[in-house]
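# Structural characterization, general
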Amino acid sequence: MGAKPLRVLALLIGAAILLVATVIALAVGFGGPAPVAALDSINAPFRNLDYSAIPAVQRYTARDGAALAYRHYASAAAATPGATTTQRRIVLIHGSSASSRSMHPMAQALVAAGYTVDALDVRGHGDSGTRGQIAYIGQLEDDLADFMHAVPHPGPSTLIGFSAGAGFALRFAASPQAALFDRYVLLAPFLIQAPSNRPGGGGWASVGLPRIIALTVLNKIGITAWNDLPVTQFALNAEAKKFLTSSYSYALAANFSTHLDYAQDIRRAPNAIKLIAGLDDELMLPERYAPIFASAGKTLAVTLVPGANHIGLTLNAPALAAIVAACQD
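Note that the coordinates shown come from a computational prediction; the quantities given were computed from them, not determined experimentally. (Residues numbered from 1 in each chain as written. Predicted model: local features only at pLDDT ≥ 70, side-chain atom pairs only at ≥ 80, totals over all residues. Heavy atoms only, no water.)

Let us look at the overall build of the protein chain. Along the backbone of the protein chain there are ten helices and eleven strands. For 329 residues, the compact-globule estimate of 2.2 N^0.38 gives 20 Å, and the protein chain sits close to it at 22 Å. Projected onto the principal axes, the alpha-carbon positions of the protein chain cover approximately 90 × 40 × 40 Å. Within the protein chain, the fraction of its 329 residues that count as buried is 50%. Sequence-distant contacts in the protein chain: of pairs separated by 6 or more residues, those separated by 24 or more amount to 77%. Surface exposure of the protein chain reaches about 14,600 Å², of which carbon and sulfur atoms provide 61%. In the protein chain, 23 positive and 20 negative side-chain charges are present, and the distance between their average locations comes to 7 Å. (Helix = DSSP H or I, 4+ residues; strand = E, 2+ residues; numbered from the N terminus. Rg over C-alpha atoms; globule rule 2.2 N^0.38 Å. Buried < 20%, exposed > 50% of the residue type's maximum accessible area, 1.4 Å probe, protein only. Contact = heavy atoms within 4.5 Å. Areas by Shrake-Rupley, 256 points an atom, 1.4 Å probe, with all protein chains shown as cover. Lys, Arg positive; Asp, Glu negative; His and termini not counted. Charge placed at Lys NZ, Arg CZ, Asp CG, Glu CD.)

Next up, the structure:
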């Protein structure tokens, strides 16, 4: 090949690289999430909850020195004079944008059933760190492992996650540290790009897909400088935005969920998993959970609670009864 064709080829390659770089730059700069209207089915249920008995926030120290928040609920059985039985501990992981406060009714139901409960403020939420931000993808797994070591429990532990928190619980169950819990309960789990998600997320979130795609490409080649940019905006009303997390950075959105290959998470997770969903869930398609897990090689019984929508799964009496039952030996 002569010098002129080589120059032409070099120019074409350079032009292609410039074009790709321009597309990525535009997607990163302008491909973020759009505003989204408040979703009343998510915002309204928490307005009249009684938080008078909620425990005060406590702190544990993560490996980076951050003081992260959780709420401890002592078992009713543990307070009984002469009690010698070691109680199972339940660790609760809230859903997207929320905090440990949202798990208060569930924690109370579990305590009444005799369990010790710890409800976490996942980093980037509530009183743990900067809302909507984490330092790196994988930090949430590190934080949960740090909690288990910093706040030890002599008996067995179950991890319960709700919605995005359930997706993260499945992610943790597929990790090398899965044995920190001997059981997992997934409540209406959000599985990335799974057929169990309703189109558009049921109106709960606006997603900046161009930015997500561009940042995913950059992360594949080790560029993480823009992982703090927002990629998800939640359908919160003005009042909720004062105390909840209204948006997620790329790093948080990528970590507080399953991996992109959720089926691999399912395959790698232990068999000690139970799944509960509301039959009237407006964000998920609950009847699809069992086939999704079966197609990944894991057969599990899925409990569908009649009359429970997405948030109702954490609040309604029949749903709470099903959750308590799932924790029983």
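That covers the picture; the talk isn't over yet.
Its location among the elements puts L244 in the loop between β8 (230-234) and β9 (247-249). Overall, L244 belongs to the buried group, its relative accessible area being 18%. Among residues more than four places away in sequence, those in contact with L244 are S97, A98, R131 and L236.

Below, the discussion takes up the layout of surface pockets. Considered as a void within the structure, the largest pocket measures approximately 1,100 Å³ in volume. In terms of lining residues, the largest pocket is bounded by 37 residues, among which F190, I192, V207, I212 and A253 are the most central. Breaking the lining of the largest pocket down by element, the ones donating at least two residues are α5 (164-173), β7 (205-207), α6 (209-220), β8 and α7 (250-255). Broken down by element, the residue count for the lining of the largest pocket peaks at six residues, all from α6. Quantified by volume, the second largest pocket comes out at close to 410 Å³. (1 Å grid on protein atoms, 1.4 Å probe; cavity = no way out; pocket = protein on both sides within 12 Å on 5 of 7 lines; lining within 4 Å. Points joined across faces, edges and corners; volume = space filled by probe spheres on them.)

With that settled, consider empty space enclosed by the protein. Throughout the structure, instances matching the rule amount to one cavity of 30 Å³ or more. Along its surface, the largest cavity is lined by Y60, L68, I93, L120, D121, V122, R123, L140, D143, L144 and F168. In terms of residues, the lining of the largest cavity owes the most to one element, helix α4 (residues 139-150), which gives three residues. Looking at the lining of the largest cavity, its residues break down into eight nonpolar, no polar and three charged. (Nonpolar A, V, L, I, M, F, W, Y, C, P; charged D, E, K, R; others polar.)

What follows concerns the pairing of strand β3 (residues 89-93). Burial within β3 is extensive, with five of its five residues counted as buried. Neither face of β3 is left uncovered, since the one carrying R89, V91 and I93 and the one carrying I90 and L92 both have all their residues buried. With five bridges joining them, β3 and strand β4 (residues 116-120) adopt parallel strand pairing. Bridging from a neighbouring strand, I93 pairs with L120 of β4. Following the backbone out of β3, through helix α3 (residues 104-112) and into the adjacent parallel β4, one traces a crossover that is right-handed. By the bridge criterion, five bridges tie β3 to strand β5 (residues 157-162) in an arrangement that is parallel. Within β5, the residue paired with I90 across the bridge is T158. (Pairing = 2+ DSSP bridges. Right-handed = clockwise from strand over helix to strand, strands pointing away.)

Right, let's get into the sheet that holds β8. One open sheet holds the three strands; their spatial order is β7-β8-β9, and the pairing between them is antiparallel. Unpaired on one side and paired on the other, β7 and β9 mark the two borders of the sheet. Going across the sheet, the axis of each strand differs from the next one's by a mean of 20°, ignoring polarity. Both β7 and β8 contribute to a ladder of three bridges, which runs antiparallel. Bridging from a neighbouring strand, A205 pairs with F234 of β8. (Axes fitted to C-alpha atoms, helices over the stretch in contact; angles between N-to-C directions.)

Within this structure, the stated rule accounts for nine salt bridges. When the shortest N-O distance is used, the salt bridge between D143 and R123 registers 2.7 Å. One end of the pair, D143, is in helix α4; the other, R123, is in the loop between β4 and α4, with 20 residues separating them in the sequence. Given the relative accessible area of 4%, D143 is considered buried. (Salt bridge = Lys/Arg side-chain N within 4 Å of Asp/Glu carboxyl O.)

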